Amino acid sequence: MSSPAAFLNVQASLTGRRWVGPDAGADRLAEAMAQATRLPLPLCRILVSRGVPPDQAAGFLAPTLKDLLPDPRSLRDMEKAAARLVRALTSGERIAIFADYDVDGGASAALLLAWLRALGRDATLYIPDRIDEGYGPNVPAMQALARDHGLILCVDCGTLSHEPVAAAAPADMVILDHHLATETLPAAHAVVNPNRQDEDGSLAHLCAASVVFLALVEANRQLRGQGSTGPDLMALLDLVALATVADVAPLIGVNRAFVRQGLRVMARRERPGLRALADIARMDSAPTAYALGFLLGPRVNAGGRIGQADLGARLLAATDDAQALALARRLDELNTERRVLTEAVREEALAQAEARGLDGPLVWAAAEGWHPGVVGIVAARLKEATNRPAIVIGFDGGIGKGSGRSVAGVDLGAAVQRVAAEGLLVKGGGHKMAAGLTVDRDRLEAAMARLSELLARQGAGAAGPQDLRIDGLLMPEAANLALAEQIESAGPFGASAPAPRFVLPSVSVAARRMGESHLRLTIGGRSGGGPEAVLFGAFDSPLGPALEQGGHRLFHLAGKLEVNTWGGRSRVQFRLDDAAEA
């Protein structure tokens, strides 16, 4: 089967990528939708790419929880889990929360703590140390918690933890998770997980915080049945939004409503921890999905990656402004340290992967001493650079702990879980877009070879690493604030719902530097000017030097149209991804 023609005949851009545009059928559907709905053609192209028919366009552009929130009882064990939580609440039983050390785990724990505190109760928070204890429940921790607590709530982990769950007796354990399950579940009081083998998969895109939120919806319903009133759950959606974006959950279905509404809640700046963190991160405009994923999320994660594991959860659950500010400052410091570590590992991992070859179905790298807290971030960088699933593993002696990130359409978690079941990994699991694993050094090569084989069967490596997807052409004079705001209504953008990428054709550019590593570009088109463009990390590729010395040449510019709010004023901005000489 021949490849489609390159968009604008760009076979090799300034960064060496081939541009691939929408097919003729998608263009026809977009034009028909524009006629039927009177929406702008660029917006209709996004809707067509999302599979939205014209009669559902209005609803898609204004997602609401009223329309999209599933019945919590549609998940197995949910009614039982909520009933056990309510019983512990009303009986005065001591409750422990065991959570993963990432944003999703921390947000899940903070949701439960906020709900309990609003009802006059509290809980013991336990976050395992990434290095000393590893991911998920462990036997010593479960035994210790069971001595003093009647109920242990295990969030964002526990689905594969058969022995630790058994060790929690006589305490009851309720698992609220989203990681891929095997056919046999641990012997917990309840296991609520949309990725159980006996679920229908319709809610498989939920992160753990979303599962916890649904559990609280059900708990409130049961409280009403007893004549009591539960806390306002809508005020907790800022935590759900943060977890959804930071955990790279697909922004489809109810997740779109969670994030859209959660951003509105976050803009009210009522949660001390997020308010302090936003100030530390110098967020001076309304929060966006981008801010959650690239400004707040990494800082919350920093404690679990290279510092004290519970810092992120404590920040999100903080009720005192002074405590929140101190935690936010510490997490910001750790995030700076994390960046340095990440860059050192990234350079080594990329060199190793390049030597091995980047054209296979899996890109991987492994070495002694790489910090387990940054291997996931480096895997994400390799995935982005190669358009292939990536695994990065740090060894400590004979045992390696690794993390992986996948591309759309390739279920990495299932493949890792299968390799673990076949005995080539000590353990492993995850979900479609991310996975974690532990491997013996002497089985590394065999495990990666088997994983490559399984991923190849799913189509990994079929797309060219140099292909850049283009959603359509946009004349510079049409790239205005009104259009940018309409395009944002198709968001939030993120995993499984990438921001649309348009090309401004045949424009002149005048570049000036922003600091040492970024460029701001003034665009001139044949019929007038266009939006101001920005190129971040301009000199990490040939793109920056070429545009800075553009002279009188004309360029096709590929990027994303967005609203930039600064100092209370909004203006249109074109975030540049790539360019080619016209």
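For every chain, the first residue of the written sequence is number 1, and numbering continues from 1 along that sequence. A pLDDT threshold of at least 70 governs which residues receive local features in this predicted model, and a stricter bar of 80 or more applies before side-chain atom pairs are shown or counted, although totals over entire chains, interfaces and linings include all residues. Hydrogens and water are ignored here; the side-chain numbers use all heavy atoms of the structure.

Draft legend 1. Structural view of the overall build of the protein chain. Scanning the protein chain from terminus to terminus reveals 20 helices and 19 strands. Relative to the 2.2 N^0.38 estimate, which gives 25 Å for 582 residues, the radius of gyration of the protein chain is 24 Å and therefore close to what a compact globule would have. Across its three principal directions, the C-alpha atoms of the protein chain cover 75 × 55 × 45 Å. Each residue is assigned to one of three classes by its accessible area relative to the maximum for its type, calculated with a 1.4 Å probe on protein chains only: buried under 20%, partly exposed between the two thresholds, exposed over 50%. Classification of the 582 residues of the protein chain by burial places 55% in the buried group. For the protein chain, contacts bridging at least 24 residues in sequence account for 64% of all contacts bridging at least 6. Here the Shrake-Rupley method, with its probe set to 1.4 Å, supplies the accessible areas, and only the displayed protein chains count as covering residues. Here the protein chain has roughly 24,200 Å² of accessible surface; of this, 50% comes from carbon and sulfur atoms. Of the side-chain charges in the protein chain, 60 are positive and 65 negative, and the distance between the mean point of each set is 3 Å. To qualify as a helix, a DSSP run of H or I must reach at least 4 residues; to qualify as a strand, a run of E must reach at least 2; elements of each kind are numbered from the N terminus. To get the radius of gyration, use the C-alpha atoms; to get the globule rule, take the number of residues to the power 0.38 and multiply by 2.2 Å. Note on contacts: a residue pair is in contact if any heavy atoms of the two residues lie within 4.5 Å. All tallies of charge rest on Lys and Arg as positive and Asp and Glu as negative; His and the ends of each chain are not included. Charge placement uses NZ in Lys and CZ in Arg. For Asp and Glu, CG and CD serve respectively.

Draft legend 2. Up close: the pattern of salt bridges. Counted as salt bridges are all cases of a side-chain nitrogen of Lys or Arg within 4 Å of a carboxyl oxygen of Asp or Glu. By the definition in use, this model includes 33 salt bridges. Taking the shortest distance from any N to any O, the salt bridge between Arg 441 and Glu 368 comes out at 2.5 Å. Of this pair, Arg 441 sits in the loop between strand S11 (434-440) and helix H18 (444-457) while Glu 368 sits in strand S7 (residues 363-368); the two residues are 73 residues apart in sequence, bridging distant segments of the chain. Under the relative-accessibility criterion, Arg 441 is labelled partly exposed at 40%. One salt bridge in this structure joins Glu 453 and Arg 457, with 2.8 Å as the shortest N-O distance. You can see Glu 453 and its partner Arg 457 sitting in helix H18, 4 residues apart, about one turn around the helix. Residue class for Arg 457 comes out exposed when judged on its relative accessible area of 55%. Each of Asp 71, Arg 73, Glu 79, Glu 218 and Arg 221 takes part in salt bridges that share partners, so that together they form one network.

Draft legend 3. Representation of helix H7 (residues 139-148) within the structure. Of the residues making up H7, those classed as buried are Ala 141, Met 142, Leu 145 and Ala 146. All buried residues of H7 project into a common sector of 130° when viewed along the axis, lining one side. Among the exposed residues of H7, those pointing more than 90 degrees away from its buried face are Pro 140 and Arg 147. Relevant arc is that of directions from the helix axis to the C-beta atoms, nothing else.

Draft legend 4. A look at the sheet that holds strand S6 (residues 190-192). On the basis of which strands lie adjacent, the open sheet formed by 5 strands has the order S3-S2-S4-S5-S6 and parallel pairing. With one partner strand each, in any of the chains shown, strand S3 (124-126) and S6 form the two edges of the open sheet. Ignoring which end each strand starts from, the neighbouring axes of this sheet average 15° apart. By definition, two strands form a pair when at least two bridges between them are found by DSSP. Alignment of strand S5 (residues 172-176) against S6, held across 3 bridges, turns out to be parallel. Bridged to Val 174 within S6 is Ala 190. Contacting strand S2 (95-99), S3 and strand S4 (151-155), helix H6 (residues 103-118) runs over the sheet at an angle of about 160° to S2. Convention adopted: a line fitted to C-alpha atoms gives each axis, helices being fitted over their contacting stretch, and angles between N-to-C directions are expressed from 0 to 180 degrees.

Draft legend 5. Quick peek at a nonpolar patch on the surface. To count toward a patch, a residue needs a relative accessible area above 30% and no salt bridge. Like charges then connect within 9 Å, nonpolar side chains (Val, Leu, Ile, Met, Phe, Trp, Tyr) within 5 Å. A cluster of nonpolar side chains, namely Leu 8, Leu 473 and Met 475, defines an oily patch on the protein surface of about 230 Å² accessible area. Mapped onto the elements, Met 475 comes out in the loop between strand S13 (472-473) and helix H19 (481-488).

Draft legend 6. Layout of the sheet that holds S7. On the basis of which strands lie adjacent, the open sheet formed by 5 strands has the order S7-S8-S9-S11-S10 and mixed pairing. Only two strands of the sheet have a single neighbouring strand rather than two, namely S7 and strand S10 (427-430). The average angle at which neighbouring strand axes cross in this sheet is 15°, direction not considered. For strand S9 (residues 399-405) and S11, the ladder comprises 7 bridges, and the chain directions are antiparallel. Residue pairing in the sheet places Gly 404 in a bridge with Ala 435 of S11.

Draft legend 7. Local environment of empty space enclosed by the protein. Cavities and pockets were defined on a 1 Å grid built over protein atoms only: a cavity is a set of grid points that admits a 1.4 Å probe from which the probe cannot escape, a pocket is an open set flanked by protein on both sides within 12 Å along at least five of seven lines, and lining residues are those with an atom within 4 Å of any such point. Grid points are joined across faces, edges and corners, and a volume is the space filled by probe spheres set on the points. Taken as a whole and assessed by the stated rule, the structure comprises 2 cavities of 30 Å³ or more. The space that makes up the largest cavity amounts to roughly 50 Å³. Lining the largest cavity are Ala 81, Ala 82, Leu 85, Leu 112, Leu 153, Val 174, Leu 176, Ala 215 and Leu 216. By residue number, the principal contributor to the lining of the largest cavity is helix H5 (residues 78-91), which donates 3 residues. The calculated volume of the second largest cavity comes to roughly 40 Å³. Around the second largest cavity sit Asp 100, Tyr 101, Asp 102, Val 103, Gly 106, Ile 127, Val 300, Ala 309, Gly 312 and Ala 313, which together line it. Asp, Glu, Lys and Arg are counted as charged, while Ala, Val, Leu, Ile, Met, Phe, Trp, Tyr, Cys and Pro are counted as nonpolar; the rest, among them Gly, fall into the polar class. Classifying every residue of the lining of the second largest cavity gives 6 nonpolar, 2 polar and 2 charged.

Draft legend 8. The state of the cysteines, seen in detail. We call a pair of cysteine sulfur atoms a disulfide when they lie within 2.5 Å. Applying the stated criterion to the full structure yields 0 disulfides. Counting only cysteine sulfurs, Cys 154 is the nearest neighbor of Cys 157, a cysteine outside any disulfide, at a range of 3.6 Å. Its relative accessible area of 0% is what places Cys 157 among the buried residues. Here Cys 207 stays unpaired: no disulfide links it, and the sulfur of Cys 157, its closest cysteine neighbor, is 14 Å away. A residue is classified by how much of its surface remains accessible, and Cys 207, at 0% relative accessible area, is buried.

Draft legend 9. Up close: the packing of aromatic side chains. Pairing of aromatic side chains requires ring centres within 6.5 Å, counting the rings of Phe and Tyr and the six-membered ring of Trp. Pairs whose planes differ by under 30 degrees are stacked, by over 60 edge-to-face, and all others tilted. For the structure on display, the rule yields 3 aromatic pairs. Charge-over-ring contacts are defined here by two conditions on Lys NZ or Arg CZ: a distance within 6 Å of the ring centre and an angle within 35 degrees of the ring normal. When the ring centre of Phe 395 is taken as reference, the NZ or CZ atom of Arg 441 above it lies at 4.3 Å. For Arg 575, the ring lying beneath its charged end belongs to Tyr 290, and the centroid distance is 4.7 Å.

Draft legend 10. Local environment of the pairing of S7. Within S7, 5 of the 6 residues are buried, which leaves the element mostly enclosed by the surrounding structure. The sheet contact formed by S7 and strand S8 (residues 390-396) spans 6 bridges and is parallel. Among the inter-strand pairings, Ala 366 is bridged to a residue of S8, identified as Ile 393. Here, the term right-handed applies to a crossover whose path from the first strand over the helix to the second runs clockwise when the strands point away from the viewer. The β-α-β motif built from S7, the intervening helix H16 (residues 375-386) and the parallel element S8 has right-handed crossover chirality.

Draft legend 11. How the structure looks around the layout of surface pockets. Roughly 420 Å³ of internal volume is contained in the second largest pocket. What lines the second largest pocket is a set of 28 residues, and nearest its centre among them are Asp 238, Arg 269, Glu 270, Arg 271 and Pro 272. Top element by residues in the lining of the second largest pocket is H6. It accounts for 6 residues. Split into classes, the residues belonging to the lining of the second largest pocket amount to 20 nonpolar, 2 polar and 6 charged.

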